[in-house]
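Report on the structure
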Amino acid sequence: MASVELLIGSRWQAAKGDGQTREVTSPFDGSTAGTVALAGTDDVETALVEAEHGAAIWRRTPAHERMRILLRAAELADERAPKIAQTISAESGKTITEATGEASRSGDLIRLATFEGTQLYGETLPLDANRGTGQDKVGFTLRQPCGIVVAITPFNYPALLVLHKLAPALAAGNAVILKPATSTPLTALALAECFVDAGLPDGVLSVLVGSGSVLGDALVTDPRVRKISFTGSTATGEHISRVAGVKKLSLELGASCPVVVLPDADIEAAASAVAAGGYVNAGQVCISVQRVITHPAVTGDFLDALVPKVRNIRTGDPSSPDTTMGALITAEEAERVERAIARAGADGARVLIGGERDGAVVQPAVVADVDPQSPFSQQELFGPAVAVSSADDWESAIAQANGTAYGLGAGIFTSDIAGAVQAIREIDAGSVHINWTPLWRADLMPYGGLKGSGYGKEGPRAAVSEMTEVKTIVLHGRPW
Ligand code: NAD
């Protein structure tokens, strides 16, 4: 790949527009991570024309041949994982340890999706159970690719969130146009290169780097696109759902994820899990622990256990293996998080530790006595701070957990199995974890939110299902 070319129709090409390029820099120290070509609306049109052609070829390619190519892409992703990890860390400010963990999941994720792409089963229909229909007919369903899938991804997991769309879409036989986050395009291009080098046919994959609103609107409103898979903020997701028209749509959006700590919980274990789950990737995770709801009987013990663990988090140069928390994606985002923490303090909460900012790095914070109705609880923070508030009984704890516009993930710490089972049923979130925080994901599991956190599921099996369509076929044995 020449880094200043666009990938259009599985081939590296010069951008059609005025040849604009963009330097991608590290949010930590401004160092250059690479340079990318920026796409314009002309390139969107070229990519769509290519994708129509690619979709026609790829849907006629037998699943075993698709599998062969995608398994080769998985091998290449494995081989290139150390380099991809460096790219993730350089362009996103994530620690090299976290970036290595992310990149190392790529090959397996492609393999899981590839397998699911070979499992496009249908069902036979017992038509004769319908009164007036005899046994002269046979009905069955046939699952086939959607055609052109537009994948739009955010900055926070530049490898995994790209692959959770690309791999199932390609495995199911679709052509894909990827619009990665403007701040993290290099990782997306490096992963796309694995698929191209593995032998993906012409037309099947394009990666368009550039303005979200310009490229995004051109892509999501185009009638040639059948499926949009979007991960990002609730505001952008709402916009897409307004303008997209008649298309299949999956929206993986924002969150303010709760953890409930009941009086019978293992407080030390809960504090350790929150000290990880609130600060991974500097809190820039959709399933990050944003709110902890404790019973007043254990709030003090919980905070006493949590604060020293948070104090042990080491911020600094993301490329150093000694750093355990890196930078936020931009200094502006870090300023926003710094302001939100300061405002919570000014509104009456207690900032027990953290909240200071240096460039794009915010010190990890614990904020106690937070009003559950305050913006600090209600609005997605997407930064390294945890808000702790109390609830007097089980019902009010669950009501508080459910008391935001979001519903992506939740956790509950308790040793009471009956309470845990009740919580599983009552908490309105796409995933509920007992004795762990919401910050946990196995790539194969169904993953996606309720309420303002969106709709549709990712995870290879679920995504292949959402990136395919069902046809009903009826064979009429007699023409009357
Ligand atoms: P964002 O909404 O700003 O951007 C996401 C993507 O949308 C980017 O590629 C951007 O360029 C593009 N975009 C912007 N305007 C667009 C438009 N008008 N049409 C089409 N695309 C457009 O989000 P972000 O700041 O990159 O990511 C953070 C957000 O993502 C957080 O809210 C986080 O919770 C969410 N997120 C959700 C999940 C999940 O699984 N639910 C996972 C990761 C991140």
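Whatever comes next refers back to the structure up there.
Notes on the structure follow. The model shown is predicted, which means the values in this text are computed figures rather than measured ones. In every chain, residue numbers begin from 1 and rise along the written sequence. With pLDDT at 70 or above as the cut-off, local features in this predicted model cover only qualifying residues; side-chain atom pairs require 80 or more to be listed or tallied, and sums for whole chains, interfaces and linings still use all residues. As a rule here, side-chain values come from all non-hydrogen atoms in the structure, and water together with hydrogens is ignored.

Observations regarding the sheet that holds strand β6 (residues 137–145)
Across the sheet, three strands lie side by side as β5-β6-β24; this open sheet has antiparallel pairing. Looking at the sheet topology across the chains shown, the edges are occupied by β5 (124–125) and β24 (468–476). The pairing criterion is simple: DSSP has to find at least two bridges between the two strands. Comment: elements are numbered from the N terminus, with helices defined as DSSP H or I runs of at least four residues and strands as E runs of at least two. Bridging between β5 and β6 involves two bridges; their strand directions are antiparallel. Its bridge partner being in β6, Leu125 is matched across the sheet by Gly139.

Notes on unusual backbone geometry
The residue Asn281 is not glycine, and still its phi comes out positive at about 55 degrees. Topologically, Asn281 is positioned in the loop between α10 (267–277) and β13 (289–294). Judged by its relative accessible area of 4%, Asn281 is buried. Positive phi outside glycine occurs at Phe382, with the angle close to 55 degrees. Mapping Phe382 onto the fold places it in the loop between α13 (375–378) and β18 (385–390). The classification of residues rests on relative accessible area computed with a 1.4 Å probe and restricted to protein chains. Under 20% of the type maximum is buried, over 50% is exposed, and intermediate values are partly exposed. Judged by its relative accessible area of 15%, Phe382 is buried.

Points about the packing of helix α3 (residues 81–92) against helix α7 (residues 185–197)
Axes here refer to lines fitted to C-alpha atoms; in helices the fit is confined to the stretch in contact. Angles between the N-to-C directions go from 0 to 180 degrees. Remark: α3 packs on α7, axes separated minimally by 8 Å, with the N-to-C direction vectors making an angle of 160 degrees. Between α3 and α7, the angle falls in the class roughly antiparallel. Here α3 runs over α7; the crossing is left-handed. Of the residues in α7, those touching α3 at Ile84, Thr87, Ile88 and Glu91 are Pro185, Leu186, Thr187, Ala190 and Leu191. Working definition: roughly parallel below 35 degrees, roughly antiparallel above 145 degrees, roughly perpendicular at 65 to 115 degrees, and oblique for all remaining angles. Should the near helix be turned counterclockwise from the far one by less than a right angle, the crossing is left-handed, whereas a clockwise turn marks it as right-handed. Contacts between residues were defined by any pair of non-hydrogen atoms, one from each residue, lying within 4.5 Å.

Quick notes on the sheet that holds β18
Spatially, seven strands are ordered β14-β17-β18-β13-β12-β20-β21 in an open sheet, and the strand pairing comes out mixed. The sheet is open, and its two borders are formed by β14 (350–353) and β21 (431–434), each paired with just one other strand. Between one strand and the next, the sheet's axes are offset by a mean angle of 20 degrees, whatever the strand orientation. Lying over the sheet, helix α14 (residues 394–401) contacts β12 (257–261), β13, β18 and β20 (409–413), oriented at roughly 165 degrees with respect to β13.

Thoughts on the environment of Cys194
Take Cys194: it is sitting in helix α7. Setting aside residues up to four positions removed in sequence, Cys194 forms contacts with Ala73, Leu76, Ala77 and Arg80.

Topic: the nonpolar core
Leu170, Phe195, Leu200 and Leu205 are the most contacted members of the largest nonpolar core, which totals 61 residues. Residues lining this core come from more than one domain, with at least three contributed by each of domain 1 (6–253 + 453–472) and domain 2 (257–442). Contacts of Leu170, omitting those with residues within four sequence positions, involve Trp58, Arg66, Leu70, Val176, Phe195, Leu200 and Val204. Nonpolar cores are built from buried Ala, Val, Leu, Ile, Met, Phe, Trp, Tyr and Cys residues. Side-chain atoms within 4.5 Å join them into one set. Judged by nonpolar contacts, the second largest core, of 42 residues, contains Val259, Val261, Ala334 and Ala385. Note that the domain bounds were set by an automatic or database domain assignment.

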